[in-house]
Amino acid sequence: DPGPITFAAVTVSSVTITWGDTNNPGTVYSVEASTSTNTNYGVLYQGISVTSLDHKGLNVDTTYYYRVRAQKAQGGWTSYNAESSTRTKANIPGAITFSVVGTSSVTVNLAQTNQTWTTYDLEASTTVSNAYGVVWTGIGTSATHSLNSDTTYYYRLRAKNLDGEYSNYNAAQS
């Protein structure tokens with residue numbers, strides 16, 4: 001049977017899958033992937049002597065499940081190794097825009113670059129380079145922030161996937 005699956009180089013649209021080689025040289029492996037646990041697997045790769053594979057073209061902030069089996073020398077297949085999963089990263093949020101700007105509040109509009117379930121942290125500061133604090137955390141495409149009069153605010157945004165991993169911030173805007 002193939003060894004355990006590990007993951008490296010997980011990005012917003014790809015993942016490197018590696019599994020332990022416990023078989024003879026020239027072993028044919030079948031690598032299968034799914035977006036549902038223990039169901040609806042499709043063959044991602046079937047070939048000889050490869051124990052690492054790049055799975056590309058994936059959706060952002062999505063869990064992918066993998067399993068591997070090896071072809072026996074006398075034909076037939078081994079059992080699958082244990083199913084393993086990983087989640088792709090969330091995209092860096094797009095540019096933010098402002099609407100409903102009043103004397104005491106502003107609506108900050110978020111450009112949707114991720115899945116509808118992706119969480120965002122909106123941070124604000126009264127200086128462009130430091131002292132940002134979270135003013136809103138949530139799911140959606142807009143947030144309202146209370147303002148102090150005669151004060152310039154700078155905003156930046158980052159996304160968090162369902163595993164709690166944050167993207168980088170987008171460019172600060174005021």
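Residues numbered from 1 in each chain as written. Predicted model: local features only at pLDDT ≥ 70, side-chain atom pairs only at ≥ 80, totals over all residues. Heavy atoms only, no water.

1. Here's the deal with the sheet that holds strand β3 (residues 28-34)
No. 1: One open sheet accounts for 4 strands, arranged β4-β3-β6-β7; its pairing is antiparallel. In this open sheet, the two strands that pair with only one neighbour each are β4 (42-48) and β7 (84-87). Across this sheet, the average inter-strand angle for adjacent strands is 25 degrees, counted without regard to direction.
No. 2: Direction of pairing for β3 relative to β4: antiparallel, over a ladder of 6 bridges. Its bridge partner being in β4, Y29 is matched across the sheet by G47. (Pairing = 2+ DSSP bridges. Helix = DSSP H or I, 4+ residues; strand = E, 2+ residues; numbered from the N terminus. Axes fitted to C-alpha atoms, helices over the stretch in contact; angles between N-to-C directions.)

2. Considering the environment of T35
No. 1: Examined against the element boundaries, T35 turns out to sit in the loop between β3 and β4.
No. 2: Along the sequence, T35 and Y64 sit 29 residues apart, while their C-alpha atoms lie 4.7 Å from each other.
No. 3: Ignoring sequence-local partners within four residues, the contact set of T35 consists of T62, T63, Y64 and Y65. (Contact = heavy atoms within 4.5 Å.)

3. Observations regarding the sheet that holds strand β8 (residues 97-99)
No. 1: Overall, antiparallel pairing links the 3 strands, which are arranged β8-β9-β12 in an open sheet. In the strand order of this sheet, the two ends are held by β8 and β12 (142-146), each with one partner. Pairs of neighbouring strands in the sheet enclose a mean axial angle of 35 degrees, with direction left out of account.
No. 2: Of the strand pairs in this sheet, strand β9 (residues 105-109) and β12 are connected by 5 bridges, and their pairing is antiparallel. Its bridge partner lying in β12, V106 is registered against H145.

4. Structural notes on unusual backbone geometry
No. 1: For A9, which is not glycine, the phi dihedral falls at a positive 50 degrees.
No. 2: On the secondary structure map, A9 appears in the loop between β1 (5-8) and β2 (14-19).
No. 3: At V100, a position not held by glycine, the phi torsion is positive, near 45 degrees.
No. 4: Locating V100 in the fold gives a position in the loop between β8 and β9.

5. Points about the pattern of salt bridges
No. 1: Under the defined criterion, the tally for this structure stands at 6 salt bridges.
No. 2: Note that D121 and R158 form a salt bridge whose closest N and O atoms lie 3.9 Å from each other. Of this pair, D121 sits in strand β10 (residues 119-125) while R158 sits in strand β13 (residues 154-160), and the two are 37 residues apart along the sequence.
No. 3: Taking the relative accessible area as the measure of exposure, D121 reaches 5% and is therefore buried.
No. 4: By relative accessible area, R158 is classed as buried at 19%.
No. 5: If you follow the salt bridges from partner to partner, you end up with D61, R87 and D163 in one network. (Salt bridge = Lys/Arg side-chain N within 4 Å of Asp/Glu carboxyl O. Buried < 20%, exposed > 50% of the residue type's maximum accessible area, 1.4 Å probe, protein only.)

6. Thoughts on the environment of V134
No. 1: With respect to the secondary-structure elements, V134 resides in strand β11 (residues 133-138).
No. 2: In the structure, V134 is positioned 130 residues away from P4 in sequence and 40 Å away in space, judged by C-alpha atoms.

7. A few points about the side chain of T78
No. 1: Looking at where T78 falls in the secondary structure, it is placed in the loop between β6 (63-70) and β7.
No. 2: Look at T78 and you get buried, because its relative accessible area is 13%.
No. 3: Setting aside anything within four residues of it in sequence, one finds T78 in contact with D1, P2, R69, A70 and K72.

8. Considering the nonpolar core
No. 1: Core analysis: the biggest nonpolar cluster contains 15 residues, and V108, L110, L122 and Y155 have the highest contact counts within it.
No. 2: Of all the secondary structure elements, the ones that give two or more residues to this core are β9, β10 and β13.
No. 3: What V108 contacts, discounting residues up to four positions off in sequence, is I96, T97, F98, L122, T141, S142, A143 and Y155.
No. 4: I5, W19, Y29 and L53 belong to the second-largest nonpolar core, a separate cluster that totals 13 residues. (Core = buried A, V, L, I, M, F, W, Y, C linked by side-chain atoms within 4.5 Å.)

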